[in-house]
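The chain contents come next:
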Amino acid sequence: MAAVEDPAIGHNRASLGLNIDGAAVERMIVRLGMIGRSGDTGVSRTAYSPEWVEANTLLKAWFADAGLLVREDSVGNLWGRVNGRATDQRAIASGSHQDSQCPGGRYDGALGIIAALVATGALLRRFGPPLRPIEVVSLCEEEGSRFPTAGFWGSRAVTGRIASGDVDRVVDRNGVPIAEAMREVGFDPALAPAARRNDLAAFVELHIEQGPILEHAGLPVGIVTGITGIRHTEVTLSGEQNHAGAFPMDLRRDPMQGFAEIAGRVVDHAHRMGRPAVTTVGRCVTVPNLPAVVPGKVTFTIDSRHPDQTIADQMQRIHQEIVAEVATRRGLQAETRVLLDHKATPCAPAVSAAMARAAVRENIPVMSLASGAGHDSQQIAALCPVGMVFIRSRDGRSHTPEEFSSVEDIVAGIQVLAGTLYELAYGEA
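This write-up is about the structure you can find in this document. (Residues numbered from 1 in each chain as written. Predicted model: local features only at pLDDT ≥ 70, side-chain atom pairs only at ≥ 80, totals over all residues. Heavy atoms only, no water.)

**Some thoughts on unusual backbone geometry**
Reasoning step 1: The peptide bond linking Cys102 to Pro103 adopts the cis configuration, its omega dihedral lying at -5°.
Reasoning step 2: With respect to the helices and strands, the residue Pro103 is situated in the loop between β7 (91-97) and α3 (110-127).
Reasoning step 3: For the bond running from Val287 to Pro288, omega is -10°, close enough to zero to count as cis.
Reasoning step 4: Note that Pro288 resides in the loop between β14 (284-287) and β15 (293-294).
Reasoning step 5: In the Ramachandran plot, Phe152 falls in the positive-phi region, its phi being about 60° despite a non-glycine side chain.
Reasoning step 6: With respect to the element layout, Phe152 can be found in the loop between β8 (134-139) and α4 (153-158). (Helix = DSSP H or I, 4+ residues; strand = E, 2+ residues; numbered from the N terminus.)

See below:
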């Protein structure tokens, strides 16, 4: 196709002419998905497990076959690098994570690594070495499926956010410290701070959407404008345990009644705000959990999310007010504890603009949307500009063996990713 200069985007609109072999990409997805296989299409692969080690071994071979210089950092993030020709040796990085939910699917995280590798390989074959280095990365322990409090362990290590003592404080569901798990697979936990990077110029992550927005819009690819703020708050309501039949309703201090009212009100608040606000009451523990007893205590979680931090803060303040008002009116004691608090992270406009130009060049229809889930990009944004490409998820499914994205959509996403990496790593700017 002839080159056409578009003043609106200021870049050549000609296709890069990259050959992305969809069948080969599909084989890679299936092959990696066989490691830690759960059922027909599920994957259970947790950080520092034998399956995780086996997956990194396979990725090392793939990185080397693509001509990348391969290294594993001190926490197990796997990097594959091609050096650049320019004086500026800050790298343009792309990738995601290979650990999974238990069970999860083949695409969440793993597709981002494969896409980055395929896109980088295609660029090297077509254009040779880049001006600036490109690095493909498999980041360690994004899901928290083994270490619930690890909190993006690999990407936090890259940003220098692993605090002193975390290697001993962070434990898995069986109480095993992450330090012990690291030692078992050959890492020295004392060296975890050495994973920090200060030489990244940009980070671009391809990921399945994990929601239905692209499917409802009939589009294969999305350009992420920002990553949602997430707060998990644990609420404990304490009342008075009594007999379910003999104690009158008007004399009860029933924490279950308080829970039911709070749960309905906080969820309804997000519903009335409209997209992209979401609130979920996902866990509830009742003590005692018996059919004929007014419980004495109910503990539950509120998951509150919005990609605009100002609005996220407002939502969380209203939730706190609801909890306090209901508890006071019903004669209950309320205790709250913040379990997780990730701030909303806008994607870099310059990176998103490069994605939009890549989509125009390759004639791929896209839309802009926010991410309702947390991602490694949210952490790495502390170091450098970040951007995300979303791929349509069938039925919006994710964190399940049923998650699926078509090869056609994946190839379209890789074309957008490759075009973005081309502009960032091969461009003069």
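**Thoughts on the state of the cysteines**
Reasoning step 1: The tally for this structure, following the rule as stated, stands at 0 disulfides.
Reasoning step 2: For Cys102, which is in no disulfide, the shortest distance to another cysteine sulfur is to Cys140 and amounts to 14 Å.
Reasoning step 3: On the basis of relative accessibility, which here comes to 44%, the residue Cys102 falls in the partly exposed class.
Reasoning step 4: Cys347 forms no disulfide, and the closest cysteine sulfur to it belongs to Cys384, at a distance of 11 Å. (Disulfide = S-S within 2.5 Å. Buried < 20%, exposed > 50% of the residue type's maximum accessible area, 1.4 Å probe, protein only.)

**Let's talk about helix α10 (residues 349-361)**
Reasoning step 1: Helix length check: α10, at 13 residues, gives a terminal C-alpha distance of 18 Å against a target of 18 Å (1.5 Å per residue), a fit within 8%.
Reasoning step 2: Of the residues making up α10, those classed as buried are Val351, Ser352, Ala354, Met355, Arg357, Ala358, Ala359 and Arg361.
Reasoning step 3: Positive phi appears at Asn363, one or two residues downstream of α10, with a value of about 60°. (Expected span 1.5 Å × (residues − 1).)

Shape is all these values report; function is a separate question.
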